Amino acid sequence: MTLRLPVACNRDCGGGCPLLASVEDGRVVRIGNNPAGGPFLRGCPRGFQAARQLYAEDRLTKPLLRRGPRGSGSFREVTWRDAVRTVADGLQAVRDRHGDGAILALGGSGSCRGALHNTAELAPRFLNLIGGHVGESDSYSSAAARYVQPVMLGSDKPGVDAATLQHSELIVLWGLNPMDCIMGCEWRARLRQAKKRGVPVVVIDPRRTETAKQLGTQWLPVRPGTDSALMLAVLHVLVTEGLADEPFIAAHATGFEALRRRVLGQDGGEATTPAWAAQVCGTPAADIAAFAREYGRRKPAALLPGLSIQRVWGGEEGVRLAIALQVATGNLGRRGGSSGAQNWGGLPEPDVGSIPVPPHPASTTMPANDWADAVLRGRAGGCPEIHAALNVGGNYVCQGADVAKSVRAMQSLDFSVCHDLFLTATARQCDVVLPVTHWLERNDIVFTLANYMLFSHKAVEPRGGARSDYDILADVAELLGCGDAFTEGKDEDAWLRRFVRESEIADEEAFRRSGIYCGADQQRVGLAAFAADPEAHPLSTPSGKVEISGAACRAAGLSAVPEARVQAQAEALPLRLVTPKARLRVHSQLGALPWFRRRDERALWMHPHDAAARRVEDGALAQVRSAQGRVRCPVRVTADVMPGVVALTAGVEADFDGAGRDVAGAANVLTSDEPTLPSRGATLSCVAVEVGAAGQDE
Ligand SMILES: Nc1nc2c(c(=O)[nH]1)N[C@H]1C(S)=C(S)[C@@H](COP(=O)(O)OP(=O)(O)OC[C@H]3O[C@@H](n4cnc5c(=O)[nH]c(N)nc54)[C@H](O)[C@@H]3O)O[C@H]1N2
Ligand SMILES: Nc1nc2c(c(=O)[nH]1)N[C@H]1C(S)=C(S)[C@@H](COP(=O)(O)OP(=O)(O)OC[C@H]3O[C@@H](n4cnc5c(=O)[nH]c(N)nc54)[C@H](O)[C@@H]3O)O[C@H]1N2
Ligand SMILES: [Mo]
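The model shown is predicted, which means the values in this text are computed figures rather than measured ones. (Residues numbered from 1 in each chain as written. Chains lettered and ligands numbered in written order. Predicted model: local features only at pLDDT ≥ 70, side-chain atom pairs only at ≥ 80, totals over all residues. Heavy atoms only, no water.)

What follows covers the overall build of the protein. Check the secondary structure of the protein and you find 25 helices and 26 strands. The C-alpha atoms of the protein give 25 Å as radius of gyration, which agrees with the globular expectation for 698 residues (26 Å, within 12%). The principal-axis extent of the C-alpha atoms belonging to the protein is close to 75 × 65 × 50 Å. Expressed as a percentage of the 698 residues in the protein, the buried residues total 62%. Roughly 25100 Å² of accessible area belongs to the protein as shown, and the carbon and sulfur atoms make up 49% of that amount. In the protein, 77 positive and 78 negative side-chain charges are present, and the distance between their average locations comes to 4 Å. (Helix = DSSP H or I, 4+ residues; strand = E, 2+ residues; numbered from the N terminus. Rg over C-alpha atoms; globule rule 2.2 N^0.38 Å. Buried < 20%, exposed > 50% of the residue type's maximum accessible area, 1.4 Å probe, protein only. Areas by Shrake-Rupley, 256 points an atom, 1.4 Å probe, with all protein chains shown as cover. Lys, Arg positive; Asp, Glu negative; His and termini not counted. Charge placed at Lys NZ, Arg CZ, Asp CG, Glu CD.)

Its location among the elements puts R260 in helix α11 (residues 256–264). The class for R260 is buried, based on a relative accessible area of 15%. As for R260 and V319, which are separated by 59 residues in sequence, their C-alpha atoms are 17 Å apart. With near-sequence residues (within four places) excluded, R260 lies in contact with V239 and E246. Within the local environment of R260, its side chain forms a polar contact with the side chain of E257, the two groups lying 2.8 Å apart. (Contact = heavy atoms within 4.5 Å. Polar contact = N/O pair within 3.5 Å; in protein donor to acceptor, adjacent residues only side chain to side chain.)

The next point concerns the pattern of salt bridges. For the structure shown, the criterion picks out 46 salt bridges. Among the ionic pairs, D431 bridges to R66, the shortest N-O distance being 2.8 Å. Pair noted here: D431 is in the loop between β15 (415–420) and β16 (432–435) and R66 is in strand β4 (residues 64–66), with a separation of 365 residues, a long-range link. You can call D431 buried: its relative accessible area is 10%. Residue class for R66 comes out partly exposed when judged on its relative accessible area of 31%. Notably, a salt bridge pairs R565 with E316, separated by 3.0 Å at the nearest N-O pair. (Salt bridge = Lys/Arg side-chain N within 4 Å of Asp/Glu carboxyl O.)

With that out of the way, let us pick up the packing of aromatic side chains. Any aromatic ring pair is given by two values, namely how distant the centres are and how the planes are angled relative to each other. A complete count under the given rule lists 9 aromatic pairs for this structure. Ring geometry for W371 versus Y396: centroids 6.0 Å apart, planes at 45 degrees, classification tilted. A residue pair is termed long-range when its members are at least 10 positions apart, and W371 in helix α15 (residues 371–377) and Y396 in helix α16 (residues 396–399) qualify at 25 residues. Grouping residues by exposure puts W371 and Y396 together as buried. Measuring from centroid to centroid gives 5.0 Å for W595 and F596, while their planes differ by 75 degrees, and the two rings are edge-to-face. Neither residue differs from the other here; W595 and F596 are each classed as buried. (Phe/Tyr/Trp six-rings, centres within 6.5 Å; stacked < 30°, edge-to-face > 60°.)

Before going further, it helps to spend a moment on the sheet that holds strand β2 (residues 19–24). The sheet built from 3 strands is open, its strands ordered β1-β2-β3 with antiparallel pairing. Edge positions in the open sheet fall to β1 (2–7) and β3 (27–33), since each of these has one partner strand only. Between one strand axis and the next, the sheet turns through 25 degrees on average, direction left out of account. (Pairing = 2+ DSSP bridges. Axes fitted to C-alpha atoms, helices over the stretch in contact; angles between N-to-C directions.)

Right, let's talk about helix α12 (residues 274–281) for a bit. Among the residues making up α12, those that are buried are P274, W276, A277, A278 and C281. For α12, the elements touching its buried residues are α9 (227–240) and α13 (285–297). Looking one or two residues past α12, G282 carries a phi angle of roughly 75 degrees, positive in sign.

Turning to the site of ligand 1, a few remarks are in order. Near ligand 1 lie 35 residues; those nearest to it are R46, D205, D227, R585 and H587. In the model, a nitrogen atom of ligand 1 is placed 3.2 Å from a nitrogen or oxygen of the I204 main chain. In isolation ligand 1 has 910 Å² of accessible area, and contact with the protein removes 99% of it. Looking at the shell around ligand 1, its residues break down into 16 nonpolar, 9 polar and 10 charged. (Near = heavy atom within 4 Å. Nonpolar A, V, L, I, M, F, W, Y, C, P; charged D, E, K, R; others polar.)

Spatial strand order, β10-β9-β8-β12: 4 strands in an open sheet with parallel pairing. Both edges of this open sheet fall to β10 (218–220) and β12 (301–305), since each of them pairs with a single strand only. Strand after strand, the sheet turns through a mean of 15 degrees between neighbouring axes, direction not considered. Packing of α13 onto the sheet brings it into contact with β8 (170–174), β9 (201–204), β10 and β12, and relative to β8 it is tilted by some 130 degrees. In the packing of helix α14 (residues 315–328) onto the sheet, the strands contacted are β8 and β12, and the crossing angle to β12 comes to about 175 degrees.

Okay, the domain arrangement of the protein next. For the protein, the assigned domains are domain 1 (64–140 + 350–518), domain 2 (151–343) and domain 3 (575–693). Taken over C-alpha atoms, the centre of domain 2 sits 27 Å from the centre of domain 3. Contact with domain 2, which involves 22 residues of that partner, is made by 23 residues of domain 3. A combined buried area of about 1900 Å² lies between domain 2 and domain 3, and 57% of that area is made up of carbon and sulfur atoms. Joining domain 2 to domain 3, the criterion identifies 2 salt bridges. With a closest N to O distance of 2.8 Å, D640 and R208 form a salt bridge. Connecting domain 2 to domain 3 are 12 residue pairs in polar contact (both at pLDDT 80 or more). In the side of domain 2 that touches domain 3, the residues fall into 10 nonpolar, 5 polar and 7 charged. (Domains from an automatic or database assignment. Buried area = accessible area lost by both parts, 1.4 Å probe.)

On to the site of ligand 2. Inspection of the region around ligand 2 gives 30 residues, with S109, N395, Q399, D420 and S588 positioned closest. Side-chain polar atom of S109 to an oxygen atom of ligand 2: 2.7 Å apart, as the coordinates give it. Between ligand 2 and the protein, one listed contact pairs an oxygen atom with a side-chain N or O atom of Q589 at 2.8 Å. Each residue belonging to the shell around ligand 2 can be placed in one class, and the counts come to 8 nonpolar, 16 polar and 6 charged. Lining the shell around ligand 2 are residues from two domains, each supplying at least three of them: domain 1 (64–140 + 350–518) and domain 3 (575–693).

What follows concerns the packing of helix α3 (residues 80–98) against helix α18 (residues 469–479). What describes two packed helices is the angle between their axes and the distance between those same axes. Here α3 crosses α18 at 60 degrees, and the two axes come no closer than 9 Å. The orientation of α3 with respect to α18, classified from their angle, is oblique. Judged by the twist between their axes, the crossing of α3 over α18 is right-handed. From α3, W80, V84, R85, V87 and A88 reach across to α18, where they touch I472, D475, V476 and L479. Of the residues assigned to the contact of α3 with α18, the class counts are 7 nonpolar, no polar and 2 charged. (Parallel < 35°, antiparallel > 145°, perpendicular 65-115°, else oblique. Left-handed = near helix turned anticlockwise from the far one by under 90°.)

So, in structure tokens, the structure goes:
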């Protein structure tokens, strides 16, 4: 007999894909789309092939204690009883020695969409019951955007629902790659629909991505880290050719005049003409002007930025200017338009409970990008003092900037614990490694970042000795005298029923049966009320309007007027490397599984001109060098990446040879944790590098 159960990936791509697992004899035999999701909510291979992760040969099934030196990968199996005792004793010893708040909750993106099995919430909840912790105030993902958007827009949710693209007359995907990154599973189908309708879909990206090929009508290449210059040039065309919506600007923004003077070169700087920007961005001036004219004329236009454009040095400026563009064209808050702010997490989900994190007075936070620095420098470096780490759902030794520094940080800790399904690069640096369940082995409610919720059923029993993070932490809490405070006397089912009771979902059984609950309005437009009547519905900014420039920006540590803050390139490292997400990986996950590995893109993309200049051939091994390290990997010579730029997807774990060179193709061996200011966001998306034939050192 085949059992068909609604499930949903509890993964960080934020797909929110309603899936259906077919189960026979206690085994998942197939995963497909859940028909209850309708024609627009469709999954991707990372979900359809999830059973390969569930049944992977190298999945952890027993608790491990470190035997050899950290990083050696030498562990011995122990019983759960011993493992839990070791963790409790180790954490208690750190607290006895260093006081409260000295334990780092490391990572957490692994299963961060669950109401209960949420790796970003469970570790902080547990740690706050045993003396507090150091947490992440912001993520690798979106620190610059989350810093700037509240300053400009107040606290309102500024996103739009994917279905509103039906009303768009132009769509601009600015550093956004939904074919690979998903970030809401409805977008691909809605973009396809728009393209079929004849709507131009412009993709602005250093690479001709699958998004550009399949969903786009035009690819506009731009050098990474230079979007702010391109945006200023578009503004120049809009204001000089009478394409700006002056009444909308006057009613909705403060400080636009200073930006206008900046763009026109009336403030002592150079005018930001397309010809000026072309030098900085590598985008032909005529293409910039043509794009700006089409953008200024076709209404409404949805400008949807990706997170990549703000994960660069000066990334705050791209965030500011994308919003300024949508204000200048009167598209902010209009149906079929957008605010130009990040759409990911840009609208509320249906109201439902989730596992709470109680406060602790000793708890502190630091930006994710600072974690290794905080561990290494502690209070001396102005960071919180950290002596231990509890890593639940993260693999920062692979995913954090600067692998060598991450390893040093892990090795300097007194005590470290990792919960994971696999013996990752981070797990190998830890003292205790505990095997956890897969999302197909648990019941949960899954958040989607859109106006619907999913119920994900437990499809199969946990493999081997794997246990849920919740059960593991409950046992450690019990030994430390706060078991009841952690569980509040509830098991999985009791929590999930409580969350639904606290929600707007009236029919819990129907929700569990179909696996999906949809909120009433599927075409929400963030800031719509403000756009329609800014006097009656002011923003919660000092002026009540969009803060384009001026005192509010300065008070937040930003320049008074948005600017093109582009990092100067060192002569010895003339190429710009982008390190985007791979379609068939979620960060460091899935890539090592044979089915995924065979289909995985691991080569460095390089333009034919750059390859010829360096005598690098298609398919040959090359060496990539940055200020941080060296990587050897195969090269793919392709015009799908613009000249002067190379691309290597993130998510491959490093493998160092005797000379300290990575030979696996690990992007973060090359990246640096130098933050962009003032947000202290990561700069992983753009790195200065040089490439030569492998074997050469120069
Ligand atoms: N398959 C897959 N999907 C994912 C994830 C994953 O690991 N795998 N991770 C999820 C997570 S946590 C996040 S935060 C989001 C990430 O979302 P993003 O940060 O938006 O994703 P990236 O792949 O880094 O970049 C998106 C595109 O921007 C381009 N790009 C890079 N730098 C620049 C630039 O400076 N300017 C412009 N215009 N374009 C640039 C890249 O070539 C890429 O095609 O994706 C989510 N989705
Ligand atoms: N060069 C470069 N680096 C990047 C990026 C980039 O674009 N370029 N992107 C950055 C971004 S946006 C992000 S968000 C980070 C993400 O970085 P990480 O958060 O480190 O992401 P993952 O590698 O997916 O690590 C998640 C881990 O959780 C485990 N896991 C999955 N489910 C569970 C569970 O239920 N319980 C437990 N205990 N573990 C679980 C997985 O096996 C995996 O090892 O990477 C950043 N790093
Ligand atoms: Mo992210």
